Amino acid sequence: MKLNLKIWRQKDAKTKGKLVDYPIDGIDGDMSFLEMLDVLNEELNNKGEEPVEFDHDCREGICGACSLQINGEPHGPDRLTTTCQLHMRKFSDGDTIYIEPFRATAFPVIKDLIVDRSSFDRIQQAGGFISVNTSGNTVDANAIPIPKENADLSMDNATCIGCGACVAACKNASAMLFTSAKISQFALLPQGRVEAAERVENMVRQMDLEGFGNCTNTGACEVECPKGISLESIARMNREYMSAATEG
Ligand code: FES
């Protein structure tokens, strides 16, 4: 497969970036998108040019590092798929592919396609911990009855890998899908109820401090989320926030 890649190159956060053309040949449909970039970088290295910087770690859809905007869509054209799990067979011979970093004020570009997503870490840190008595007569986790529906919903929300696709997809660069998933995974379980009010207030405050926008219910985040986190999580977070504010 022959492709024309248009890749965002940017030296650092302070320097203005631009799209640069990279024609590439010999790409197999069974290659992953990142393997295709590996091939390009090998060619650039061989020519003595600077390779394209991009983020990746697990390459199996679990770490959330490989966040690329491909033809205007976070993680590209496939649904429920991270960039590392996207295959080149989704593209056709002769295609032009635009590859850019995720765009949001709270995700400043570090270099080329790599953005700083530590704002997500700070939101998560603001959530704190859950109180579990681990000394003396510790209650066995299995001894606490949890409705199956809640256990499933909690696990669904815990699958959020914090990739930032929800932010990149949102016209407001809102982080509410991410934050609500992290709140829901605890709020739905009895172990998470003890600090629930404090947690939601602190995480929402940090989310606003980081400069993310608000949710206007366009649903773009849900469509682009590689883990299929539902908008219902945002509704749950809003209810949690309202009841925390009323209690307080
Ligand atoms: S590299 Fe880990 S999710 Fe893609």
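Residues numbered from 1 in each chain as written. Predicted model: local features only at pLDDT ≥ 70, side-chain atom pairs only at ≥ 80, totals over all residues. Heavy atoms only, no water.

- With an unreviewed UniProt entry as reference, the chain is termed Succinate dehydrogenase/fumarate reductase iron-sulfur subunit, source organism Cerina litoralis.
- In its Sequence similarities (unreviewed entry) section, UniProt records this for the chain: "Belongs to the succinate dehydrogenase/fumarate reductase iron-sulfur protein family." (UniProt positions renumbered as here; feature names shortened; annotations may be inferred.)

## Describing helix H7 (residues 196-209)
- Taking 1.5 Å of rise per residue, 14 residues should cover 20 Å, and H7 covers 20 Å from first to last C-alpha, within 8% of that figure.
- Restricting attention to buried positions, one finds in H7 the residues Ala196, Arg199, Val200, Met203, Val204, Gln206 and Met207. Down the axis of H7, the smallest arc covering the buried residues is 160°, so these residues share one side. Projecting away from the buried face of H7 at angles above 90 degrees are the exposed residues Glu198 and Leu209.
- Elements in contact with the buried residues of H7: helix H2 (118-126), helix H5 (176-187), helix H6 (190-193) and helix H9 (232-247).
- Among the residues trailing H7, Gly211 stands out with phi positive, at a value near 95°. (Helix = DSSP H or I, 4+ residues; strand = E, 2+ residues; numbered from the N terminus. Expected span 1.5 Å × (residues − 1). Buried < 20%, exposed > 50% of the residue type's maximum accessible area, 1.4 Å probe, protein only. Arc of directions from axis to C-beta. Contact = heavy atoms within 4.5 Å.)

## Some remarks on the packing of H2 against H5
- Packing of H2 against H5 leaves a shortest axis separation of 11 Å and a crossing angle of 30°. H2 and H5 meet at a crossing whose hand is right-handed. Across the interface between the two elements, Phe120, Ile123 and Gln124 from H2 touch Phe178, Thr179 and Lys182 from H5.
- Residues of the contact of H2 with H5, tallied by class, amount to three nonpolar, two polar and one charged. (Axes fitted to C-alpha atoms, helices over the stretch in contact; angles between N-to-C directions. Left-handed = near helix turned anticlockwise from the far one by under 90°. Nonpolar A, V, L, I, M, F, W, Y, C, P; charged D, E, K, R; others polar.)

## Remarks on the layout of surface pockets
- Its boundaries defined by the atoms lining it, the largest pocket holds a volume of some 180 Å³.
- Forming the walls of the largest pocket are Ile130, Val132, Asn133, Asn137, Thr138, Val139, Ala141, Ile144 and Gln191.
- Across the lining of the largest pocket, the residue classes break down as five nonpolar, four polar and no charged.
- Roughly 150 Å³ of volume is contained in the second largest pocket.
- Lining the second largest pocket we find 13 residues, and of these Arg117, Ser118, Phe120, Asp121 and Gly162 sit closest to its centre.
- Of the residues forming the lining of the second largest pocket, the biggest block, four residues, is contributed by H2.
- Class assignment for the residues of the lining of the second largest pocket results in six nonpolar, four polar and three charged. (1 Å grid on protein atoms, 1.4 Å probe; cavity = no way out; pocket = protein on both sides within 12 Å on 5 of 7 lines; lining within 4 Å. Points joined across faces, edges and corners; volume = space filled by probe spheres on them.)

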